[in-house]
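Structural overview for review
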Amino acid sequence: MPERVDEKASHGLSRKVEAREKRKIRARSAKDRTIWIGVGTFGVIGWSVAVPTIIGIVLGLWFDRLWPGGFSWTLAMILGGATLGCLSAWYWVSLEAKAIEEEEKEADP
């Protein structure tokens, strides 16, 4: 009986090693996935947060000049722009995660 348990454990271990080996081979053969692709992705995410925030600042300053009062349009627009930017970044990251999952599913049947 103990031999059967060891057989199952060794079979599971060999499957894990095989899956890791396939992933490593696939990663080495994917020449289009360089470090610059990762840096570019971080850039897209950064800009997707920065641009709406800056637009919010500009709009807020403009609204504060048009309608002065006790309410700070600048702060409200900064918050709105940052929120919109974070939602946009989340969208980009989720798209990349889905692409990676689909790639792994195709490679490991």
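Residues numbered from 1 in each chain as written. Predicted model: local features only at pLDDT ≥ 70, side-chain atom pairs only at ≥ 80, totals over all residues. Heavy atoms only, no water.

The name given to the protein chain in an unreviewed UniProt entry is ATPase F0F1, with the source organism recorded as Aquamicrobium defluvii.

Once that is clear, we can look at the environment of Glu96. Inspection of the secondary structure assignment puts Glu96 in helix 3 (residues 73-107). Considered as a pair, Glu96 and Thr41 are 55 residues apart in the sequence and their alpha carbons are 9.1 Å apart. (Helix = DSSP H or I, 4+ residues; strand = E, 2+ residues; numbered from the N terminus.)

A few words now on the side chain of Ser48. Mapped onto the secondary structure, Ser48 falls in helix 2 (residues 35-66). From its side chain, Ser48 meets the backbone oxygen of Ile45 in a polar contact 2.7 Å long. Setting aside residues up to four positions removed in sequence, Ser48 forms contacts with Gly85, Ser88, Ala89 and Trp92. (Polar contact = N/O pair within 3.5 Å; in protein donor to acceptor, adjacent residues only side chain to side chain. Contact = heavy atoms within 4.5 Å.)

Together, Glu101, Glu102, Glu103, Glu104 and Glu106 make up a region of like negative charge exposed at the surface. The topology assignment puts Glu106 in helix 3. By relative accessible area, Glu106 is classed as exposed at 68%. (Patch = residues over 30% accessible without salt bridge, like charges linked within 9 Å, V, L, I, M, F, W, Y side chains within 5 Å. Areas by Shrake-Rupley, 256 points an atom, 1.4 Å probe, with all protein chains shown as cover. Salt bridge = Lys/Arg side-chain N within 4 Å of Asp/Glu carboxyl O. Lys, Arg positive; Asp, Glu negative; His and termini not counted. Charge placed at Lys NZ, Arg CZ, Asp CG, Glu CD. Buried < 20%, exposed > 50% of the residue type's maximum accessible area, 1.4 Å probe, protein only.)

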